[in-house]
Amino acid sequence: MPNLAVELQKEPAEQNEPILKAVGLHTWFEIRRMGFFKAGDVRALDGVSFDLYQGETVSIVGESGCGKSTLAKTILGIHKPTKGELYFQGKNVTEFDKHELKEYRSKVGYIQQDPYGALPSFMDTRTILEEPMKINGISSKKEREDRIRQVLEEVKLAPIEDYLPKFPHMLSGGQQQRLVIARAMILEPKLLVADEPVSMLDASVRVEILQLLQSLQRVHNLAIIYITHDLSTVRYFSERIFSMYGAKIIEKSTTEALLDNPLHPYTQALFRATSDPDAENLKTFKEVPAGEPPSLMNPPPGCRFNPRCSKKIKGLCDVEEPPEIQVNGDQIVKCWLYEKKR
Ligand SMILES: Nc1ncnc2c1ncn2[C@@H]1O[C@H](COP(=O)(O)OP(=O)(O)OP(=O)(O)O)[C@@H](O)[C@H]1O
Ligand code: SF4
Ligand SMILES: [Mg+2]
């Protein structure tokens, strides 16, 4: 990501009331044996709390299977949380009726990993962009047409006349993702949830798509949740980073503080590979520590990272779950090492 550092300069977000607030969110999936007997629950999200502010980008990082997409889909209202609350602009999403949920979804845009899979192959660009407006009661054809042109211009699919009749298979991967972003923006959302938005694209177009997202954010003062495995992009793209492990957020920090001094042993291991300036060392560092991720059906007691943690305190870490500990103004960590009396 060579030019990102220069191109993507971040402004601090306005810190007033959060646009999104999660309080003890749990999303569990029931597993049935032979389609009948309950075998247990996959605790894909297991007590997640955070605030997100208007105009702010938060990156969510963590190894495969830790619950990032489940969090995204719970925020989007695709999964109903098993427990906990989610507030959007102060209103409890978990208590919304069908009508309120539809309105909520129009304010939250979703950008998926696989743009081709996200787009209906039988619809052309105009129809793809018109559909959400029809569903949300924008009855004026002229209003819809004007908005389609406006949003295509914003995502830089030009000349517009050329793109309007095109079907997804006629577009390149980058153009498909621009169309997905256009669809996510068409109802003028306040929040975008981008789940690995560039991981399936060619390296050459990744920066362009991230730059597009950032310019949309600036122009519309959007809040963005950016889920990624690409740790080299988070420093230029987000004000804060949430590090997830075993269906929980284990560190919440400003990007600057986290990259300067990651606190949680898992986050330290995760970021070590990208923060070392010595290219030789990169070859010897692993992105994640050795060992298996925890089972989400039978998670280990205490801290979920304890079976893999070299700093584990026996009799504590393997018994009691660490609380969230505010270490300084910028960093919150779930790790017993930071308990004050220690
Ligand atoms: N609908 C579902 N039913 C049962 N289990 C599920 C379901 N969706 C996700 N899971 C499980 O929940 C856990 C978290 O999955 P999730 O997709 O949220 O992880 P992730 O962090 O997004 O991983 P990746 O980085 O690979 O995308 C995994 O164990 C997954 O198998
Ligand atoms: S709580 Fe204990 S096991 Fe968990 S990360 Fe901290 S030191 Fe390691
Ligand atoms: Mg995922």
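Structure: see above.
For the structure given in this document, a descriptive report is provided here. (Residues numbered from 1 in each chain as written. Chains lettered and ligands numbered in written order. Predicted model: local features only at pLDDT ≥ 70, side-chain atom pairs only at ≥ 80, totals over all residues.)

**Here's the deal with the overall build of the chain**
We count it as follows: Helix and strand assignments come from DSSP, with helices taken as H or I runs of at least 4 residues and strands as E runs of at least 2, each series counted from the N terminus. We take the radius of gyration over the C-alpha atoms and set the globule estimate at 2.2 Å times the residue count to the 0.38 power. Put plainly, a residue is buried at 20 or more neighbouring C-beta atoms within 10 Å of its own, exposed at 12 or fewer, and partly exposed in between, counting only other residues' C-beta atoms, which are placed from the backbone. Placing C-beta atoms from the backbone, we regard two residues as in contact once those atoms come within 7 Å.
Looking only at helices and strands, the chain has 13 helices and 12 strands in total. Relative to the 2.2 N^0.38 estimate, which gives 20 Å for 342 residues, the radius of gyration of the chain is 21 Å and therefore close to what a compact globule would have. The buried share of the chain, taken over its 342 residues, is 38%. Considering only residue pairs separated by 6 or more positions, the chain has 64% of its internal contacts joining residues 24 or more positions apart.

**A look at the site of ligand 2**
Where we set the bar: Placing a C-beta atom from the backbone of each residue, we mark the residue near a molecule or strand if the atom is within 6 Å of it. All amino acids are sorted into three groups, where Ala, Val, Leu, Ile, Met, Phe, Trp, Tyr, Cys and Pro are nonpolar, Asp, Glu, Lys and Arg are charged, and the leftover types, Gly among them, are polar.
Around ligand 2 lies a shell of 14 residues, among which Cys303, Asn306, Cys309, Cys317 and Cys335 are the nearest. Of the residues in the shell around ligand 2, the class split is 10 nonpolar, 2 polar and 2 charged.

**Here's the deal with the sheet that holds strand 3 (residues 57-61)**
Quick reminder of the rule: The criterion for strand pairing is that DSSP finds at least two bridges linking the strands in question. Axis definition: a line fitted to C-alpha atoms, limited for helices to the stretch in contact. Angles are taken between N-to-C directions and run from 0 to 180 degrees.
In spatial order, the strands read 6-7-8-3-9-10-12-11; together these 8 strands make up an open sheet with mixed pairing. Sheet topology places strand 6 (108-111) and strand 11 (325-328) at the edges, where each strand pairs with a single neighbour. For this sheet, the mean inter-axis angle between neighbouring strands, taken without regard to orientation, is 20 degrees. Relative to strand 12 (residues 331-333), strand 10 (residues 248-254) runs antiparallel, the two being bridged by 3 bridges. Note that in strand 12 the partner of Ser253 across the bridge is Gln331.

**Describing the site of ligand 1**
In the vicinity of ligand 1, the contacting residues are Phe29, Val42, Ala44, Ser64, Gly65, Cys66, Gly67, Lys68, Ser69, Thr70 and Leu296. Considering only residue class, the shell around ligand 1 consists of 5 nonpolar, 5 polar and 1 charged.

**Re the sheet that holds strand 2 (residues 37-52)**
The strands that make up a sheet pair up through hydrogen bonds in the backbone, lying either parallel or antiparallel. Taken in spatial order, the 4 strands of this open sheet run 2-1-4-5, and their pairing is antiparallel. Unpaired on one side and paired on the other, strand 2 and strand 5 (91-92) mark the two borders of the sheet. In this structure, strand 1 (residues 20-33) lies alongside strand 4 (residues 83-88), joined through 5 bridges in antiparallel fashion. From the neighbouring strand, Val23 faces strand 4, where its bridge partner is Glu85. Those strands touched by helix 2 (residues 68-75) are strand 1, strand 2 and strand 4, and its axis lies near 75 degrees from that of strand 2.

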